[in-house]
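# A structural walkthrough
Okay, here's what each chain looks like letter by letter:
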Amino acid sequence: MKEKRTQHRSGGFMEGKGFYIVLFLCVAAIGISGYYLFSGLTASTEGFGPEASTVVSGQAELEKDDAATQTPAGEDTQQEDPPDSSAQETAKQEDQTPAQQPEDDPTAQEPAATSTAYVWPVQGSVDRDFSLEVFAYDATMGDWRTHSGLDIAAELGAPVSACGKGTVTDVSTDPMMGTTVTIDHGRGMESIYSNLAESVNVQVGDAVEAGSVLGSVGTTAIAESASPSHLHFEMIEYDVPIDPLNYLH
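Residues numbered from 1 in each chain as written. Predicted model: local features only at pLDDT ≥ 70, side-chain atom pairs only at ≥ 80, totals over all residues. Heavy atoms only, no water.

### Focus: the overall build of the protein
The number of helices and strands found in the protein is four helices and 12 strands. Taking as baseline every contact in the protein between residues at least 6 positions apart, the subset at least 24 positions apart corresponds to 63%. Only carbon and sulfur atoms are counted for the fraction: they give 56% of the accessible area of the protein, which is about 17700 Å². (Helix = DSSP H or I, 4+ residues; strand = E, 2+ residues; numbered from the N terminus. Contact = heavy atoms within 4.5 Å. Areas by Shrake-Rupley, 256 points an atom, 1.4 Å probe, with all protein chains shown as cover.)

Structure representation (structure tokens):
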């Protein structure tokens, strides 16, 4: 009798409480299912936001650029038009145009020598040659020495002429070489006439031409007084003595 009462209570309990347990389990199941469903929807929508649109569009642009740069097989690539040949020719001519010399260049304002050929200042044979490297015996000084000009044999009083066009820059009496006239021919070229007679026909500043008479052969050069009558003639280029025989014609 007691056992039947216990079974009756258990069955009543299950009938009264069981409904709520089942209801709780159902609600829990629905909640869990809704949570996972909501989580899945959120994850799927994150790939379609603004950032995802930017990534997709960027990939599309890259693919478009790659497709544009690729040339299909067997199709010729398009080349740019060749440069204008006339423009190239003009540029080439401009490059070949010689540069103009600056106006302040001192060499551009220096008077040019009219010719590289000069006439003989006096008619006669060469009694003593130009020699700066080999010593020659000097009868007047009694020793061996160099000679910076030509001794051109000529009679006493023979006219002495300018060897070329130029300007007289000096008329003086040298202690050793006597009466001397110097002419500047431009471009660093000078001519010097020594052992002239004391009286000359020119003065400093005079412009002379080739053949203009400067004076006459004299005996004023003490350093060459033992030599026969002659004109001592020198040519200097940029302050360096040169052999007149290379220039006289």
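Having seen the model, we can carry on.
### Quick notes on the layout of surface pockets
Looking at the largest pocket, its volume works out to about 170 Å³. For the lining of the largest pocket, the secondary structure elements donating two or more residues are strand E3 (143-147) and strand E11 (230-237). Of the residues forming the lining of the largest pocket, the biggest block, three residues, is contributed by E3. Classifying every residue of the lining of the largest pocket by side-chain character gives three nonpolar, four polar and five charged. (1 Å grid on protein atoms, 1.4 Å probe; cavity = no way out; pocket = protein on both sides within 12 Å on 5 of 7 lines; lining within 4 Å. Points joined across faces, edges and corners; volume = space filled by probe spheres on them. Nonpolar A, V, L, I, M, F, W, Y, C, P; charged D, E, K, R; others polar.)

### Observations concerning unusual backbone geometry
Note: most peptide bonds trans; most residues except glycine with negative phi. If you check the backbone angles, Arg187 has positive phi at about 60° while not being a glycine. Even without being a glycine, Tyr238 presents a positive backbone phi close to 50°. Here Tyr238 is to be found in the loop between E11 and strand E12 (240-242).

### A short note on the side chain of Ser194
The topology assignment puts Ser194 in strand E8 (residues 189-196). A relative accessible area of 4% means that Ser194 is categorised as buried. In this structure Ser194 touches Met177, Thr179, Thr180, Leu231 and His232, once residues within four positions along its chain are discounted. (Buried < 20%, exposed > 50% of the residue type's maximum accessible area, 1.4 Å probe, protein only.)

### A short note on the packing of aromatic side chains
Taken as a whole and judged by the stated rule, the model has one aromatic pair. Ring centres of Tyr193 and Phe233 lie 5.2 Å apart, and the angle between their planes is 50°; this geometry places the pair in the tilted category. Note that Tyr193 is positioned in strand E8 and Phe233 in strand E11, a separation of 40 residues in sequence. (Phe/Tyr/Trp six-rings, centres within 6.5 Å; stacked < 30°, edge-to-face > 60°.)

### Some points on the confidence of the model for the protein
Taken over all residues, the pLDDT of the protein has a mean of 75, while the share at 70 or more is 60%. Ignoring residues within four places in sequence, the model shows residues 97-115, a span with pLDDT below 50, making 17 contacts including any to other chains. (pLDDT = per-residue confidence, 0-100.)

### Examining a nonpolar patch on the surface
Side chains of Tyr20, Leu23 and Val27 sit close together on the surface and give an oily, nonpolar patch of about 320 Å² of accessible area. With respect to the secondary-structure elements, Val27 resides in helix H1 (residues 2-46). (Patch = residues over 30% accessible without salt bridge, like charges linked within 9 Å, V, L, I, M, F, W, Y side chains within 5 Å. Salt bridge = Lys/Arg side-chain N within 4 Å of Asp/Glu carboxyl O.)

### Some words on the pairing of strand E6 (residues 166-174)
For E6 and strand E9 (residues 207-208), the ladder comprises two bridges, and the chain directions are antiparallel. When the bridges of E9 are listed, Thr167 appears paired with Ala207. Here E6 hands over to strand E7 (residues 178-186) after three residues, the two strands then running antiparallel side by side. (Pairing = 2+ DSSP bridges.)

### A look at the side chain of Asn195
Within the secondary structure layout, Asn195 lies in strand E8. Reaching out from Asn195, the side chain makes a polar contact with the backbone nitrogen of Ala221 at a distance of 2.9 Å. In this structure Asn195 touches Met177, Thr179, Val217, Gly218, Thr219, Thr220, Ala221, His230 and His232, once residues within four positions along its chain are discounted. (Polar contact = N/O pair within 3.5 Å; in protein donor to acceptor, adjacent residues only side chain to side chain.)

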